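Summary of structural features
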Amino acid sequence: LRRLERADLQENETVLVVGVGGGVSAAAMAFAVAFHARVYVTSRSQEKIDQAIVRGAAGGFLSEADFGAQMADLGGADLVVDNVGAATLRQSMKAAKPGGTIAICGGTSGPKFELTLPHLFFKELEIMGSTMGTHAQFARATEYVGSGRVDVPVDRVFAFEQLSDAMAYLESGEQAGKVAIGRSIS
């Protein structure tokens, strides 16, 4: 929610969510859909892209393809939400339309990225770091989810005693949404 609000996302704008299988990206996609944006996603898995389309995404691109060029061919994204970082940021910059915003909310592929400045200033891109949120944003996010306006997928719930299994599952990259630790809610 925080990154969408900070980017002043408007209805019918185009959003690209990178790595939709991860929990942060799945939540960003769900909120962008609820805000009536036109949402595209990337993933290494066609199955995860197909799941995102069922949940309201307009389409998706395999991460190994030139998703930046594919998104640009569709007119580009007003907002790119990139939780992956170094491995995808160059493609994310290509995917953004001139004057677009790239919200970086993670760096799962590493903490460093070498920026080629002309890519940034010729397209007049904005790069925004975004993390966590305020108490008010948390309250709004909880209201959206609680009212059913936003459906954030929970892939699996592991018991507290299964923490090492949960971590291994996350490392495998097989999840499609949030992975929770606690008691299963039936």
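Here is a short report on the structure shown in this document.

Focus: the sheet that holds strand β4 (residues 77-82)
The six strands are arranged β3-β2-β1-β4-β5-β6 in an open sheet whose pairing can be described as parallel. Because the sheet does not close on itself, it has two edges, and the strands there are β3 (59-62) and β6 (126-129). Going from strand to strand, the sheet's axes swing by 20° on average, the running direction of each strand aside. Here strand β1 (residues 14-18) pairs with β4 via four bridges, running parallel. Directly across from valine 15, in β4, lies its bridge partner leucine 79. On top of the sheet, helix α3 (residues 46-54) reaches β2 (38-43) and β3; it is set at about 165° to β3, its chief contact.

Side note on empty space enclosed by the protein
In the structure shown here, the tally under the stated rule is one cavity of 30 Å³ or more. If you add up the space inside the largest cavity, you get close to 40 Å³. Around the largest cavity, the lining residues are Val20, Gly21, Ala26, Lys48, Gln51, Arg55, Pro153, Ala176 and Gly177. Of the residues assigned to the lining of the largest cavity, the class counts are four nonpolar, three polar and two charged.

Observations regarding the pairing of strand β8 (residues 178-181)
By the bridge criterion, four bridges tie strand β7 (residues 154-158) to β8 in an arrangement that is parallel. Its bridge partner lying in β8, phenylalanine 158 is registered against isoleucine 181. Handedness of the crossover joining β7 and β8 through helix α8 (residues 163-172): right-handed.

Considering the pattern of salt bridges
In the structure shown here, the tally under the stated rule is three salt bridges. The salt bridge partner of lysine 94 is aspartate 66, with a shortest N-O separation of 3.3 Å. Here aspartate 66 lies in the loop between β3 and α4 (67-73) and lysine 94 lies in helix α5 (residues 89-95), a separation of 28 residues in the sequence. Between lysine 97 and aspartate 78 there is a salt bridge, with the nearest N and O atoms lying 3.4 Å from each other. With lysine 97 in strand β5 (residues 96-104) and aspartate 78 in strand β4, this pair connects stretches of sequence that are 19 residues apart. For lysine 97, a relative accessible area of 25% corresponds to the partly exposed category.

Considerations on the side chain of glutamine 137
Position of glutamine 137 relative to the elements: it lies in helix α7 (residues 135-146). Setting aside residues up to four positions removed in sequence, glutamine 137 forms contacts with Leu1, Arg2 and Glu5.

Topic: helix α2 (residues 23-34)
Taking 1.5 Å of rise per residue, 12 residues should cover 16 Å, and α2 covers 17 Å from first to last C-alpha, within 8% of that figure. With nine of its 12 residues buried, α2 lies for the most part within the structure. Three or more residues of α2 are buried, namely Gly23, Ser25, Ala26, Ala27, Ala28, Met29, Ala30, Phe31 and Ala32. A positive backbone phi angle near 65° is found at histidine 36, which sits one or two residues after α2.

Let's talk about the nonpolar core
Membership of the largest hydrophobic core comes to 28 residues, with the highest contact counts inside it found for Val15, Phe31 and Val41. Residue assignment for this core shows that the elements contributing at least two residues are β1, α2, β2, α3, β4 and α7. Here this core gets six residues from one element, more than from any other, and that element is α2. Filtering out sequence-adjacent residues up to four positions away, valine 15 remains in contact with Leu9, Ala32, Ala37, Arg38, Val39, Tyr40, Ala77, Leu79 and Val81.

Considering the packing of aromatic side chains
With the rule as written, the count across this model stands at five aromatic pairs. Between phenylalanine 35 and tyrosine 144 the ring centres are 5.7 Å apart and the planes differ by 55°, which places this aromatic pair in the tilted class. With phenylalanine 35 in the loop between α2 and β2 and tyrosine 144 in helix α7, this pair connects stretches of sequence that are 109 residues apart. Neither phenylalanine 35 nor tyrosine 144 differs from the other in exposure class; each is buried. Note on tyrosine 40 and phenylalanine 61: the rings are 5.9 Å apart at their centroids and 20° apart in plane angle, and the pair reads as stacked. Here phenylalanine 61 lies in strand β3 and tyrosine 40 lies in strand β2, a separation of 21 residues in the sequence.

What counts as what
- Residues numbered from 1 in each chain as written.
- Predicted model: local features only at pLDDT ≥ 70, side-chain atom pairs only at ≥ 80, totals over all residues.
- Heavy atoms only, no water.
- Pairing = 2+ DSSP bridges.
- Helix = DSSP H or I, 4+ residues; strand = E, 2+ residues; numbered from the N terminus.
- Axes fitted to C-alpha atoms, helices over the stretch in contact; angles between N-to-C directions.
- Contact = heavy atoms within 4.5 Å.
- 1 Å grid on protein atoms, 1.4 Å probe; cavity = no way out; pocket = protein on both sides within 12 Å on 5 of 7 lines; lining within 4 Å.
- Points joined across faces, edges and corners; volume = space filled by probe spheres on them.
- Nonpolar A, V, L, I, M, F, W, Y, C, P; charged D, E, K, R; others polar.
- Right-handed = clockwise from strand over helix to strand, strands pointing away.
- Salt bridge = Lys/Arg side-chain N within 4 Å of Asp/Glu carboxyl O.
- Buried < 20%, exposed > 50% of the residue type's maximum accessible area, 1.4 Å probe, protein only.
- Expected span 1.5 Å × (residues − 1).
- Core = buried A, V, L, I, M, F, W, Y, C linked by side-chain atoms within 4.5 Å.
- Phe/Tyr/Trp six-rings, centres within 6.5 Å; stacked < 30°, edge-to-face > 60°.

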